[in-house]
Amino acid sequence: MTQDELKLASARAAVDYIAPHLETGSIIGIGTGSTANFFIDHLSGIKGKFDGAVASSEASAERLKSHGIPVYELNCVDSIQFYVDGTDEVNPTLELIKGGGAALTREKIVAACADLFICIADESKWVETLGAFPLPVEVIPMARALVARELVKLGGDPVYRQGVITDNGNAILDVYNLKIHQPIDLEETINNITGVVTNGIFARRPADLLLLSTGTGVKNIT
Ligand code: 5RP
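Residues numbered from 1 in each chain as written. Predicted model: local features only at pLDDT ≥ 70, side-chain atom pairs only at ≥ 80, totals over all residues. Heavy atoms only, no water.

### Overview of the sheet that holds strand β7 (residues 135-139)
Read across the sheet, four strands follow the order β8-β9-β7-β10 without closing on themselves; strand pairing throughout is antiparallel. Pairing within the sheet leaves two strands with one partner each, and these edge strands are β8 (157-160) and β10 (196-199). This sheet shows a mean twist of 30 degrees between the axes of neighbouring strands, independent of strand direction. As judged from the four bridges shared by β8 and strand β9 (residues 171-176), these two strands associate in the antiparallel manner. (Pairing = 2+ DSSP bridges. Helix = DSSP H or I, 4+ residues; strand = E, 2+ residues; numbered from the N terminus. Axes fitted to C-alpha atoms, helices over the stretch in contact; angles between N-to-C directions.)

### Details of the site of the ligand
In the neighbourhood of the ligand, 17 residues make up the surrounding shell, with Ser34, Thr35, Asp88, Lys98 and Lys125 lying closest. Within the backbone of Gly86, a nitrogen or oxygen atom sits 3.3 Å from an oxygen atom of the ligand. Summarising the interface, the protein chains cover 90% of the accessible area of the ligand, which totals 370 Å² for the free molecule. The cavity that encloses the ligand is the second largest pocket. When the residues that make up the shell around the ligand are grouped by side-chain class, the tally is two nonpolar, nine polar and six charged. (Near = heavy atom within 4 Å. Polar contact = N/O pair within 3.5 Å; in protein donor to acceptor, adjacent residues only side chain to side chain. Areas by Shrake-Rupley, 256 points an atom, 1.4 Å probe, with all protein chains shown as cover. 1 Å grid on protein atoms, 1.4 Å probe; cavity = no way out; pocket = protein on both sides within 12 Å on 5 of 7 lines; lining within 4 Å. Sits in = over half its atoms within 2 Å of the grid points. Nonpolar A, V, L, I, M, F, W, Y, C, P; charged D, E, K, R; others polar.)

### What to know about the packing of aromatic side chains
Going through the model one piece at a time under the given rule, you end up with one aromatic pair. In this structure, Lys98 is placed above the aromatic ring of Phe202, and the distance from its NZ or CZ to the ring centre is 5.8 Å. Looking at Lys108, its charged tip hangs above the ring of Phe202, at a distance of 5.0 Å from the centre. (Phe/Tyr/Trp six-rings, centres within 6.5 Å; stacked < 30°, edge-to-face > 60°. Lys NZ or Arg CZ within 6 Å of the ring centre and 35° of its normal.)

### Focus on unusual backbone geometry
One can expect most non-glycine residues to show negative phi and most peptide bonds to be in trans. One non-glycine residue, Leu94, lies in positive phi territory at about 65 degrees. Topologically, Leu94 is positioned in the loop between β4 (89-90) and β5 (96-97). Using a relative accessible area of 2% as the deciding quantity, one classes Leu94 as buried. In this model, Ala102 sits at a positive phi of 70 degrees, which is unusual for a non-glycine residue. (Buried < 20%, exposed > 50% of the residue type's maximum accessible area, 1.4 Å probe, protein only.)

### Concerning the UniProt feature "active site" (unreviewed entry) in the chain
Per the UniProt record, "active site" (unreviewed entry) is found at Glu107. Relative to the assigned elements, Glu107 resides in helix α4 (residues 104-113). Take Glu107: its relative accessible area is 2%, and that puts it in the buried class. Those residues within four positions of Glu107 in sequence are excluded, and the remaining contacts are Thr32, Ser56, Tyr83, Asp85, Lys98, Gly99 and Phe202. Within the structure, the side chain of Glu107 is placed 3.2 Å from the side chain of Lys98, a separation counted as a polar contact. (UniProt positions renumbered as here; feature names shortened; annotations may be inferred. Contact = heavy atoms within 4.5 Å.)

### Some points on the packing of helix α1 (residues 3-18) against helix α2 (residues 34-43)
For the pair α1 and α2, interaxial distance at closest approach is 8 Å and the crossing angle is 50 degrees. Classified by the angle between their axes, α1 and α2 sit oblique to one another. Handedness of the α1/α2 crossing: right-handed. Contact with α1, carried on its side by Asp4, Lys7, Leu8, Ser10, Ala11, Arg12, Ala14, Val15 and Ile18, involves Ser34, Thr35, Phe38, Phe39, His42 and Leu43 of α2 and no other residues of that element. Across the contact of α1 with α2, the residue classes tally to eight nonpolar, four polar and three charged. (Parallel < 35°, antiparallel > 145°, perpendicular 65-115°, else oblique. Left-handed = near helix turned anticlockwise from the far one by under 90°.)

Set out below in structure tokens:
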């Protein structure tokens, strides 16, 4: 199977997983990226079964609207039943590195509101230890050099993602060569650097369920 076929399979599995639990009033949180796009496309097939969605990016909001799925502001909903999103890396305790698509801050906010966070991924995203994928850090633009110097002190090699402005108007630093043996500690340490909006380690709030697509089927991992 190609990587896209694997992504599609995990996205389909997520729709199959949530469908029996949806009811009038249900709101679904939606991630960002190519795997999330497969999920949005497949979700449109059951759009009568839930009220609408909260999107983690302008791109996902546009895609949802193109399918006729109502998109709500997060501040206007009481609860999010499921948050479904892809990832750049996932480890055995379902801690993640996210932000390859620069949507990490809104993704983390929507995930924080969700009753159940379902991660959908192809098997290439599975790692024993996080950190081979460069860690995205969203920064206030005027603090970019300050934050970069602090990240070097932590042992990382930050690289400015040229030409990218997040939906929040900020910049992204991709940090190479970090050894992420204590994901919660590093997530908190980086978030405490002045000028950091958030970083792409999702460990304080990891996924609750991983639907990992492999050549022999989709595995449910909790
Ligand atoms: C966007 C993300 C994506 O979930 C992550 O980059 C994975 O993307 P894809 O599904 O295209 O492989 O965190 O900010």
